[in-house]
Amino acid sequence: MSRKIAYGGILLSLNSILLLLVNIIPINTLFLLGLASLPISIVIMEYGPKAGIIFYIGSVLLSFMIMANQAQWILYIFTFGIYGLVKYIIEKDRSFIQEYILKIIVANILIIFAYIILKQFVYIPVNIFTILIFEIAFIVYDFVYSQFIDFYNDKLRKFVKR
């Protein structure tokens, strides 16, 4: 149990460092938010979805305290932060096409919810071009996320289990 807590704490600190870098390196915000979303998948793979939910809640609370821009925090909690849990739930016992359809639907719902909240603080132009860019970016993000999960399972997991 103590190993589980320590490993979760290390991953949460890595997550917090990445989110703190969003304040320091403003040009790579989406990239850093995407990287910060990866530790939750490790927690889910190692300890299950319940631990993933606890990790997500801890990440949301810590990120609220360390992120200077609340618009970025909202974007993190409604899209990148929760995506590991969404991906885990959707990718259980479904065909590849069903998975992608569900993931795109959920991603659009989450981004619309984030947009509704963010439009009070930030002007975000919405047109067919931005929607198309979001859809393509999401597919690339999901692919990279899946590649990270495979890399962790194939290469990194054996070092962690020692």
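One can find the structure itself at the top, above this paragraph.
Bear in mind the structure is a predicted one, so any value in this text is a computation, not a measurement.

Draft legend 1. Representation of the environment of S2 within the structure. The topology assignment puts S2 in helix α1 (residues 2–24). The exposure class assigned to S2 is exposed, which follows from its relative accessible area of 61%. Along the primary structure S2 and I77 are separated by 75 residues, whereas in three dimensions their C-alpha atoms are 27 Å apart.

Draft legend 2. Focus on the packing of α1 against helix α4 (residues 49–66). Interaxial distance between α1 and α4 falls to 10 Å at its minimum, and their mutual angle equals 35°. The way α1 lies across α4 gives a crossing that is right-handed. Mapping the contact onto sequence places K4, G8, L11, L12, N15, S16, L19, L20 and N23 in α1 and A51, F55, G58, S59, L62, S63 and I66 in α4. Class assignment for the residues of the contact of α1 with α4 results in eight nonpolar, seven polar and one charged.

Draft legend 3. Seen up close, the packing of aromatic side chains. Per the counting criterion, the structure on display carries ten aromatic pairs. Their ring planes at 85° and their centres at 5.4 Å tell us that F80 and Y141 sit as a pair that is edge-to-face. Of the two residues, F80 is situated in helix α5 (residues 70–90) and Y141 in helix α7 (residues 128–160); the sequence distance between them amounts to 61 residues. F80 gets classed as buried once you look at its relative accessible area, which sits at 13%. Among the residues examined, Y141 registers a relative accessible area of 17% and is labelled buried. Between Y141 and Y145, the ring centres sit 5.7 Å apart and the planes meet at 75°, which makes this aromatic pair edge-to-face. Of this pair, Y141 and Y145 both sit in helix α7, four residues apart, which is roughly one turn of that helix.

Draft legend 4. Up close: the environment of V86. In this fold, V86 is placed in helix α5. By relative accessible area, which is 13% here, V86 ends up buried. For V86 and K103, which are 17 residues apart along the polypeptide, the C-alpha to C-alpha distance reads 7.7 Å. Excluding anything up to four places from it in sequence, V86 contacts V106 and L110.

Draft legend 5. Summary view of helix α6 (residues 96–118). Its 23 residues place the ends of α6 32 Å apart at the C-alpha level, agreeing with the 33 Å of an ideal helix rising 1.5 Å per residue. Contact partners of the buried residues in α6: α5 and α7.

Draft legend 6. Layout of the nonpolar core. Judged by nonpolar contacts, the single largest core of 39 residues is most densely connected at L33, I40, Y76 and Y145. Elements represented by at least two residues in this core include exactly α1, α2 (29–36), α3 (38–47), α4, α5, α6 and α7. The leading source of residues in this core is α5, at eleven residues.

Draft legend 7. Structural context of the pattern of salt bridges. According to the stated counting rule, one finds five salt bridges in the structure shown. Here E91 makes a salt bridge to K87, at a shortest N to O gap of 2.7 Å. The residue E91 makes a salt bridge to K103 at a minimum N-O spacing of 2.7 Å. Of the two residues, E91 is situated in the loop between α5 and α6 and K103 in helix α6; the sequence distance between them amounts to twelve residues. The exposure class of E91 is partly exposed, given its relative accessible area of 31%. Judged by its relative accessible area of 1%, K103 falls in the buried class. One salt-bridge network, held together by shared partners, links K87, E91, K103 and D142.

Parameters and conventions
Residues numbered from 1 in each chain as written. Predicted model: local features only at pLDDT ≥ 70, side-chain atom pairs only at ≥ 80, totals over all residues. Heavy atoms only, no water. Helix = DSSP H or I, 4+ residues; strand = E, 2+ residues; numbered from the N terminus. Buried < 20%, exposed > 50% of the residue type's maximum accessible area, 1.4 Å probe, protein only. Axes fitted to C-alpha atoms, helices over the stretch in contact; angles between N-to-C directions. Left-handed = near helix turned anticlockwise from the far one by under 90°. Contact = heavy atoms within 4.5 Å. Nonpolar A, V, L, I, M, F, W, Y, C, P; charged D, E, K, R; others polar. Phe/Tyr/Trp six-rings, centres within 6.5 Å; stacked < 30°, edge-to-face > 60°. Expected span 1.5 Å × (residues − 1). Core = buried A, V, L, I, M, F, W, Y, C linked by side-chain atoms within 4.5 Å. Salt bridge = Lys/Arg side-chain N within 4 Å of Asp/Glu carboxyl O.

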